[in-house]
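What follows is each chain in one-letter form.
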Amino acid sequence: MRLGILFACVFLGLSSGIQAKDKAKKKKTKNDLTDVQIVSADKLSYQDGNSILTGNVQIKLGKYIISAPRVTIESDKNGDASLARFINGSELNSEGLNITAPEMQMDINKSLFKCLSNPEHDVITTLENKKHKRSMIVAGYQELDFNTNIGKSLREGGRVKYSSDDLEIESDTIELNSKDGDVVYVDFIGRAIAIDPSQRTEAREIIYFPQQDIVKANDEVKILYIKDDEASHLFGDLIVYERKLGVIGAYSKSLDSQAEIHRTNAFGKARQIVLNLDDKQKPSLAILTGNAYAQQNDKSIVGDEILFDLVEQNMKTLVGRPKTQILKKKK
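Before going into details, it helps to say that this report is about the structure given with it. In this text, all values refer to a predicted model and were calculated from it rather than measured experimentally.

Overview of the overall build of the chain
Item 1. For the chain, the helix and strand inventory stands at two helices and 28 strands.
Item 2. In the chain, of all internal contacts separated by at least 6 residues, the share reaching a separation of at least 24 is 37%.
Item 3. Entry remark: accessible area of the chain is about 17,900 Å², with carbon and sulfur atoms responsible for 49%.

This is how it looks when you write it as structure tokens:
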């Protein structure tokens, strides 16, 4: 009982500091960090305004429970708790979220939670949505802003990786936004690569919306179809892939650029390309819109909108008067 009272005193500064901050804002966030509780600890020491808890430490911070063998709580010059460090292997848990890291830090003033790796162990985040689908992020550093629910993952001099049952994405940096326990989107920034069983997508930025199962790729986007019997590529400034529907939209952002599709003995380009995949996730039918051009072997066609059947290998215009020509082969 006496030890519990001591623990409560240790965290009085932590709780009051956050309460003062919340009052200044006049509005509490959904992650109410004023709810600070020590669930367990074997030993407490206190010196110069700083506290050390050791042995099976568990702390409840709002809706999160953080566990570690050792926790140090540092105070500022006013005696208020400013930094909590969870060291020697730490773990954060809440509904749908689990993070393990060699060290975690809580910046009290900024409501910023940081996870740090070491040469032997990464920061590993496991996410589970309400449909019980799991995904994982492996990084060297991760932070979570309790006020905005935005997380950031990176690795100095390396890559950050995201994986689920049928999708793997890696990039230089990951930003993640969550709401009510579900991930809203994951933003992969810098040389992003996404691989699923049917294709490989490369771009400067890839945004994944897991609830809708939609992949959006920005800037210098190119897609290679892995399951196709012949080489197929799709290029565009912006590409949106609705994975459940098997529909991909490739778009150009300026008047000078055009989206393109390349296959063996076939080529198409337009301001917009909508590509439909068959039930085996292979390219089947493309609709080219806006200054469209399509070519199959030695025949080509120009029009405002072109229907390009990649399986039957035929082309026809849907809008505008067609212009066709027979291309001469070089001798």
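Additional details are given in the paragraphs that follow.
So, the pattern of salt bridges
Item 1. Here the structure, examined in full by the defined rule, presents 13 salt bridges.
Item 2. Residues arginine 155 and aspartate 122 are paired through a salt bridge, measuring 3.0 Å at the closest nitrogen-oxygen approach. Of this pair, arginine 155 sits in the loop between β13 (150–154) and β14 (160–164) while aspartate 122 sits in the loop between β9 (112–116) and β10 (123–128), and the two are 33 residues apart along the sequence.
Item 3. With relative accessibility at 32%, the residue aspartate 122 sits in the partly exposed group.

So, the nonpolar core
One broad trend across soluble globular proteins is that nonpolar side chains are buried collectively.
Item 1. Core analysis: the largest hydrophobic core is formed by 68 residues, its most contacted members being Phe86, Phe113 and Leu234.
Item 2. Aside from chain neighbours lying at most four places away, what touches phenylalanine 86 is Ile59, Ile66, Ala68, Arg70, Val71, Pro102, Glu103, Met104, Met106 and Phe113.

A look at the side chain of serine 284
Item 1. Structurally, serine 284 is set in strand β25 (residues 283–296).
Item 2. Looking at serine 284, the relative accessible area reads 16%, which means it is buried.
Item 3. With sequence-adjacent residues up to four places away left out, serine 284 is seen in contact with Asn276, Leu277, Asp278, Phe308, Asp309, Leu310 and Val311.

Let's talk about the packing of aromatic side chains
Item 1. In this structure the tally under the stated criterion is six aromatic pairs.
Item 2. Geometrically, the ring pair formed by phenylalanine 113 and phenylalanine 146 is edge-to-face, given 6.0 Å between the ring centres and 65° between the ring planes. Linking phenylalanine 113 in strand β9 with phenylalanine 146 in the loop between β12 (141–145) and β13, this pair joins segments that are 33 residues apart in sequence.
Item 3. Each residue in the set Tyr64, Phe113 and Phe146 is aromatic and connected to the rest through ring pairs, giving one cluster.
Item 4. We note lysine 269 situated over the ring of tyrosine 293; from NZ or CZ to the ring centre the distance is 5.9 Å.

Details of the side chain of aspartate 107
Item 1. Along the polypeptide, aspartate 107 turns up in strand β8 (residues 103–107).
Item 2. We note that aspartate 107 is buried and unpaired, the nearest opposite charge coming from lysine 110 at a distance of 4.6 Å.
Item 3. Excluding its chain neighbours within four sequence positions, the residues that come into contact with aspartate 107 are Ser82, Leu83 and Leu112.

Focus: the pairing of strand β26 (residues 299–309)
Item 1. Across the eleven residues that make up β26, a large majority, eight, are buried.
Item 2. As paired strands, β25 and β26 are joined by ten bridges and run antiparallel to one another. Residue pairing for β26: leucine 285 is matched across the bridge by aspartate 309.
Item 3. Adjacent in sequence and paired antiparallel, β25 and β26 are bridged by two residues, among which asparagine 297 carries a positive phi angle near 55°.

Digging into the environment of leucine 127
Item 1. With respect to the helices and strands, the residue leucine 127 is situated in strand β10.
Item 2. Judged by relative accessible area, which is 8%, leucine 127 ranks as buried.
Item 3. For the pair leucine 127 and valine 183, spaced 56 residues apart in sequence, the C-alpha to C-alpha distance is 8.1 Å.
Item 4. Every residue in contact with leucine 127, bar those within four places of it in the chain, is listed here: Gly96, Leu97, Lys133, Arg134, Ser135, Ile137, Leu176 and Val183.

Considerations on unusual backbone geometry
Item 1. Of note, the phi angle at asparagine 88 is positive, near 70°, even though the residue is not glycine.
Item 2. Note that asparagine 88 resides in the loop between β5 (81–87) and β6 (90–94).
Item 3. With a phi angle near 65°, asparagine 265 is a residue other than glycine that sits in the positive phi range.
Item 4. Its place among the elements puts asparagine 265 in the loop between β22 (259–263) and β23 (266–270).

Concerning the environment of glycine 236
Item 1. On the secondary structure map, glycine 236 appears in strand β20 (residues 232–242).
Item 2. A relative accessible area of 9% means that glycine 236 is categorised as buried.
Item 3. Distance from glycine 236 to aspartate 219, taken between C-alpha atoms, is 7.6 Å for residues 17 residues apart in sequence.
Item 4. For glycine 236, the residues in contact, after removing those within four places along its chain, are Glu220, Val221, Tyr251 and Ala259.

Notes on the pairing of strand β17 (residues 182–195)
Item 1. Of the pairings in the sheet, the one linking strand β15 (residues 168–171) to β17 comprises three bridges and is antiparallel in character. Bridged to glutamate 170 within β17 is isoleucine 193.
Item 2. Where strand β16 (residues 173–179) meets β17, seven bridges bridge the pair, whose relative direction is antiparallel. Residue pairing across strands places lysine 179 opposite aspartate 182, the latter belonging to β17.
Item 3. As judged from the eight bridges shared by β17 and strand β18 (residues 199–209), these two strands associate in the antiparallel manner. Looking at the pairing, isoleucine 189 lines up with glutamate 205 of β18.
Item 4. Counting the residues that bridge the hairpin from β17 to β18 gives three residues.

Conventions we followed
- Residues numbered from 1 in each chain as written.
- Predicted model: local features only at pLDDT ≥ 70, side-chain atom pairs only at ≥ 80, totals over all residues.
- Heavy atoms only, no water.
- Helix = DSSP H or I, 4+ residues; strand = E, 2+ residues; numbered from the N terminus.
- Contact = heavy atoms within 4.5 Å.
- Areas by Shrake-Rupley, 256 points an atom, 1.4 Å probe, with all protein chains shown as cover.
- Salt bridge = Lys/Arg side-chain N within 4 Å of Asp/Glu carboxyl O.
- Buried < 20%, exposed > 50% of the residue type's maximum accessible area, 1.4 Å probe, protein only.
- Core = buried A, V, L, I, M, F, W, Y, C linked by side-chain atoms within 4.5 Å.
- Phe/Tyr/Trp six-rings, centres within 6.5 Å; stacked < 30°, edge-to-face > 60°.
- Lys NZ or Arg CZ within 6 Å of the ring centre and 35° of its normal.
- Lys, Arg positive; Asp, Glu negative; His and termini not counted.
- Pairing = 2+ DSSP bridges.

So, to be careful, I would describe these as geometric facts and stop short of saying anything about function.
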